[in-house]
Each structure stands twice: as C-alpha cells, then as structure tokens.
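Report on the structure
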Amino acid sequence: MAPSSVVVTIDKSSNISLVEVNDSDTSVFLEKQKTASTKQFSWTLLLKAHRILSFFPWIAMGFSKTLVSVKKRIALADTGRDEVQYKERLIYKFIRVFLAISIIALFIEFIAYYQKWDLNFIHEFNPTEVMGLFHWSYMSWISFRAEYIAPSIMMLSQFCVVLFMIQSLDRFILGIGCFWIKFKNIKPTIDGEAYDIEDASSFPMVLVQIPMCNEREVYQQSIASACQLDWPKDRILIQVLDDSSDELLQILIRNEVNLWSEKGVNIIYRHRFIRTGYKAGNLHSAMSCDYVKNYEFVAILDADFQPNPDFLQLTVPHFQGKPDVGLVQARWSFVNKDENLLTRLQNINLCFHFEVEQQVNSHFLSFFGFNGTAGVWRIKALEESGGWLERTTVEDMDIAVRAHLNGWKFIYLNDVKVLCELPESYEAYKKQQHRWHSGPMQLFRLCLPAILKSKISKWKKANLIFLFFLLRKLILPFYSFTLFCVILPLTMFIPEAELPIWVICYVPVTMSILNILPAPKAFPFLMPYLLFENTMSVTKFNAMVSGLFQLGSAYEWVVTKKTGRSSESDLLAFAERESKSFNEDKIQRRLSESGLEMLGKLKEQEAPVEPKKKNRIYRKELALAFLLLTAATRSLLSAHGIHFYFLLFQGLSFLVVGLDLIGEQVA
C-alpha cells in the first residue's frame, strides 16, 4: 500500500468500500473539493442574501400599513371636544414652544455635524480657528451654553434626581415591608366568637350602598351580586343610589330593584332630584335617612363591583372586639385584566398598590387611603369624622384622612377580593387618572391646617404630610415629567448637563422590576410598563398642577366607562339564581320586559341618534412624541447610545398613546 493511500473498510462482508488516494491524483481531488466548497459557500451566501432582501419588503409593507393606519386615525379621530382646552393650557403651549426650538436647534446641529465641528463642547474659544460668521456664532453659542445655561440645568436635574432617589427608596422600603409580611405570614385576625348561624340576632345590622350614575352596562350584575350576599335577610338593607339622568335607565333600575324586592330581598331604590356633589353628595344624601341609625356598619360597592356571597362574612367580623377600627378594606380583582395592553399595564400598577402599599401601611401604620369601594365602614366612624363632604373629587381619601385624624384605625384584607373592571380605553383611563391625581392636591390644601392642629403623634403627622401627600402624590408626577420629558431631551442639545446612564436606565428598570413583582405573569411587559408610566407622567403632572392651584379642570368628574363584563363564576351564579325562581317569576317578568320594550321603542323614536364613537387624537402626547424623537435624532449625531435608545422608544410610546392606538379600538 502506498504511503499516502487511505483505506476505509466496513466490517460487514457486503457493501465493502475501498477508496485509494494516490499521490498523482491528490492535487486533482483537492482541487475538485475546493471548487465544490466554493460553490456551496456561494449558494449559502445567496440564500442568506435572499432571506435578507425578502425581509425588507416585509418591513416596507408593515411600515406602509402603519402609515395608512395613522393617516386614517388622524383623518377620522375626534379632536373637537378638547380643541379649546388644549390651546388654553399652559403646559401644552410650553411643549409646543420647546418643540419648535428643538427643531431649529436640530437643523443647526445637522449643519455643524456635516461641517465636522465639535457638537459637544470646546475647552477654549480660539478666534483664529473661526471659519466664517456662522462658525463663530455656533462656537459662541457653545461657550455661552457651557458657561451660563448648563449649570442651571444641572442644578435642576440634580434636584430631580434627588427626588427620584428618595421616591425609589420609599418604594424599596415598602417592598421590604411586604416581603416581611409574606415571610412571617402576617394576616389580620378576628377577635371574639363567630356569629351564631342559628341566631340571626347575633349578626350586626349592615347597610349596603350601591351608588351609580348612568351605569347601563353594569347595574344588573351589581344589584344581583349585592342581593346574593350571605347575611340574614332581616339584618341587611341594600340601597341602590341612582343618580342617572336617563329617565329610561331610571325605570330599568327601579324595575330591577322591584324584582329582587318581590323575591324577599330587603332592597330599596333612591333617586335624587337635585344631583349635586357627585358621589359624595349621593352618599351623604343616603346617610341622612332616618332608618340609617338602626345600622352599625355600611358596605360601599360601586356599580361595577361584584362581591362574592361571603364578602360580609369575611369583612364584618374584623370589627369584633376592636372598637377603634373604623374601616375594613378588601382588595380589587379585575375581570378584564388581560383584555388588551392597557388593562395589563393597569393591572401591574394596581397589584403593587394593593399587594404592597395598602398591605404595608395597614400593618405598620393602621392607615391607608380608602379605595372608595369594596370596603365596610363603621357608621360611628363616618359620623364622628364629619360624614361625606363634597369639597373634592376624592371623597374616599377625604373621609379616610379625617377618620385617621380622629384616631380610627383601618384594616386591609389582601385575601378578600372583589371583582371589578379596568378602563379599556385610553380616554376613560386618562380621565380617571386626572381625577385621582388632582383630587389629592385639592385635599392636601384643605387638610393641611387640620393635620397640623390634630392630636395624633408627630410621626403620624409627618407620614401624612411628607409620605402620603407630598412624596407619593406631588413629587412622583413632578420629577417623572420634569426629568424624563423635559430635562432629558434638553440635555441632548446641552450635552454639558447630560444625565448619567444609571438615572436613565439602571434605577428605572430596577424600580419597574420591583413594581412588577406582585404580578409575576406580567414580566414580559416590563419595558412597555416602564415606557407607559413615563408617558402617563404628563397627564398626572397636569392633574397635580390643576389640583394644587385650583384650576378649572381640577373639579371635573367623569364617570369611568364600564363594559359590563362578568366572570364565568358570576354567569353561573346568575344562571343558578334565575333557575330557582324561574317558574314563579316567569309571567311577571315577561309582562314587565314587554312593557319596558315598548317604552324603549318610544324613547328611541323621541331621542336623537347619538354620533358614533371614535378614537381620539391627543395633541399633548403627540407634541411630546415629536419632541423626544427630535432629541433622539440629536443624540444619534453624538452617538450617545443608551440615551438615544431611551429617547427613541419613549418617543414612539408617546406617539402610540397620542394616536390612541393603545387600549380599546373603535372600528
């Protein structure tokens, strides 16, 4: 065998292969192998190139469809209702001026970039290096901004960063407190003996109030849920407090109440002819009834809330043996939390609020803000604290603060959940957030003298003023809007005051992870959540300013739109309830429904046709989107990296919200 030969054998007797490569043929074989390898490599490159090229038409088609959708949205969107309001608002005017200046500055920076001038800073101004009047003007501007503008911007940014870190520390401490409660398995306990099921007189008298206003989609399920509460019938009274302006809806609600009353439920219907004070006025009017003095506790359930039958059995016993407890609050649970991206992001925020904020404040301070519903009050605590007042749009927080000043303690039950709905459209969510952030500032102005004069401890006074109001209601929207929507894009044009990366990236991401821990299934939405929270900062900041300075929009009260979604368990319970009483109510209900159907047809003939609902254009968010994208373009010229990506995605987030592409979409 030749020294350079290669022999390959197979153990089986059949199909034996022998390959010999001699010296004389080795070069030919290697040449053929090289040619084959080159062709194979070429085909691989061509295949990858084909895939890359086919990707561009897909991107172009997607981009084209997006532009068409945006064009349709702009053409069909409803902008008339807020046209005047936006033009009158100082914040919107400020953003427009800022945007115009940024566009002009970006144009100048483009010229400087293509002239290969230094965009960031110069150490010394040397007149001999000037190449014309425009270059001299640009270098003079760089010297002026570095010497006079950058220091003031840096002072403001450092102040906001300090506030940011204080608020982050507060969140971190709350997280540690929640971890301690979970680790020690700390839960509120019930003192005293349980109520005697056979003796109905051992149960306290409970009043259940359902305030509603034009809640056509949810009134039936809310009334049905309240009527199915497991409590002795002679120890409970349900008040349906209807403030609806629609006469047909009033008849429908009254008819629903009558149906349950005929089934033996102790329920009454109340309607105010003078509907002042919104929800607070409605509750105040109901509490002025003479028969209220016979009741010890009052449970408040908004129209979209559906408590389980054991709600009262899980909450009312916590008052036993605790005469200083004025409120027992249950947790909210959401039937539509997975409906769209907007509801998923809301669920993250509210899970942190209930799981961490409410639970920690309840355990360590015995005080937290009443959530307005899904809670049971001791009527004595309401009366001694002054009852429901109409002075703000956050009557729930108002009564909670006044009760706390009078020495009453609160208990939060994280394990007791009440089903409700989240706003599915950005319009409804924005109005809700405006009310939730303007009302506390109104209340702070009104309550500050009472807090300072109260007899509670100095620690509780400090907690109310600095933590409850200033840090969580004023500082949070202030720094988030100022730092990420004003200072950050401004520093792209004044790079001498550039924010450090840890302020833009590391700390916000860490805090977002902390906020999302109570809802672990929402971790894939971490980055959308971070961007959306910054996007909402403009609404919250505007609301905070209007409430603090008593501007007109601070007193706006808009009932949050409901869709009437029910969970599967609610539907089964409703079907079971209907099946039990079907025979005895069949004829009566059919006659009632036929009469209502006829009345409804008459109303439809008389009532004008309502215009179709449309998605909207939010000009303030759009202006901020273009501002941030302009700053991102300037950041790209200086190759800032993290700053560019943050500004780019934050600008796109504002653009999506401004075009109302998040939440419920109207065809």
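Residues numbered from 1 in each chain as written. Predicted model: local features only at pLDDT ≥ 70, side-chain atom pairs only at ≥ 80, totals over all residues. Heavy atoms only, no water.

As for the overall build of the protein
For clarity, the cut-off: By the criteria applied, helices consist of DSSP H or I runs no shorter than four residues and strands consist of E runs no shorter than two, each listed in order from the N terminus. Partly exposed describes any residue whose relative accessible area lies between the buried limit of under 20% and the exposed limit of over 50%, with all areas from a 1.4 Å probe on protein chains only and scaled to the type maximum. When checking whether two residues touch, look at their non-hydrogen atoms; a contact exists if any pair is within 4.5 Å. Residue-level accessible areas treat just the shown protein chains as cover; the underlying method is Shrake-Rupley with a 1.4 Å probe.
Per the secondary structure count, the protein includes 19 helices and seven strands. Evaluated residue by residue, the protein yields a buried proportion of 49% over its 667 residues. A sequence separation of at least 24 residues applies to 80% of the contacts in the protein between residues at least 6 apart. Summing over all exposed atoms, the protein offers an accessible surface of approximately 34800 Å²; the carbon and sulfur share of this is 62%.

Focus on the pattern of salt bridges
Pairing between side chains of opposite charge can happen when the charged atoms of each approach one another. The following threshold applies: Whenever a carboxyl oxygen of Asp or Glu lies within 4 Å of a side-chain nitrogen of Lys or Arg, that contact is scored as a salt bridge.
For the coordinates displayed, the defined rule picks out 20 salt bridges. Across the pair Asp398 and Arg391 runs a salt bridge, and its minimum N-O distance is 2.9 Å. Note that Lys540 and Glu533 form a salt bridge whose closest N and O atoms lie 3.5 Å from each other. Here Lys540 and Glu533 have matching classes, each one buried. Three or more residues are tied together by salt bridges with common partners; here these are Glu109, Arg145, Glu496 and Arg634.

Quick word on helix 4 (residues 133-184)
Rules: Helix span, expected: 1.5 Å multiplied by one less than the number of residues in the helix. What is called the bend at a residue is the angle between a pair of axes, fitted to the seven residues leading up to and ending at it and to the seven starting from it.
The end-to-end C-alpha distance of helix 4 is 72 Å, a good match for the 76 Å that 52 residues give at a rise of 1.5 Å each. Along helix 4, the sharpest kink reaches roughly 45°, centred on Ile149 and followed within four residues by the proline Pro151. Just beyond helix 4, the residue with positive phi is Asn185, at close to 55°.

As for the confidence of the model for the protein
Rules: The score called pLDDT rates the predictor's confidence residue by residue, from a low of 0 to a high of 100.
Of all residues in the protein, 76% attain a pLDDT of 70 or more, and the chain-wide mean is 83. Per-element confidence in the protein ranges from a low mean pLDDT of 42 for helix 2 (residues 83-88) to a high of 98 for strand 6 (residues 375-378). Low pLDDT (under 50) marks residues 80-88, which in the prediction has 14 contacts with non-local residues, meaning those over four places away or in another chain. A low-confidence stretch, residues 605-609 stays under pLDDT 50, and its non-local contacts, those more than four residues away or across chains, total zero contacts.

Some details on a nonpolar patch on the surface
What counts is decided by this rule: Here the term patch refers to residues with relative accessible area over 30% and no salt bridge, with like charges joined within 9 Å and nonpolar side chains (Val, Leu, Ile, Met, Phe, Trp, Tyr) within 5 Å.
A contiguous nonpolar patch, built from Met165, Ile501, Trp502, Tyr506 and Ile642 and spanning about 460 Å² of accessible area, is present on the exposed surface. The greatest single-element share of the nonpolar patch, amounting to three residues, is contributed by helix 14 (residues 501-516).

A look at the nonpolar core
Nonpolar side chains in soluble globular proteins tend to end up buried together. Put simply, the rule reads: What we call a nonpolar core is a set of buried Ala, Val, Leu, Ile, Met, Phe, Trp, Tyr and Cys residues that are connected through their side-chain atoms within 4.5 Å.
Membership of the largest hydrophobic core comes to 90 residues, with the highest contact counts inside it found for Val208, Phe311, Leu312 and Trp377. Ranked by size, the runner-up nonpolar core spans 45 residues in total, among them Met441, Leu474, Ala625 and Phe644.

What about the side chain of Gln167?
Along the chain, the position of Gln167 falls in helix 4. Overall, the relative accessible area of 6% leaves Gln167 in the buried class. Those residues within four positions of Gln167 in sequence are excluded, and the remaining contacts are Leu471, Leu476 and Tyr479.

Topic: the sheet that holds strand 1 (residues 206-212)
We apply this condition: Pairing between strands is defined by DSSP: at least two bridges between them are needed. The axes are straight lines fitted to the C-alpha atoms, using for helices just the contacting stretch, and the angles between their N-to-C directions are given from 0 to 180°.
Here seven strands make up an open sheet; going across it, the order is 3-2-1-4-6-5-7 and the pairing mixed. Each edge of the open sheet carries a strand with a single partner, namely strand 3 (267-271) and strand 7 (409-420). Taking the axes of each pair of neighbouring strands and ignoring which way they run, one obtains an average angle of 20° across the sheet. Of the pairings in the sheet, the one linking strand 5 (residues 325-334) to strand 6 comprises three bridges and is antiparallel in character. Counterpart to Leu327 in the pairing with strand 6 is Trp377. Lying over the sheet, helix 7 (residues 278-287) contacts strand 1, strand 2 (236-242), strand 3 and strand 4 (297-300), oriented at roughly 145° with respect to strand 1.

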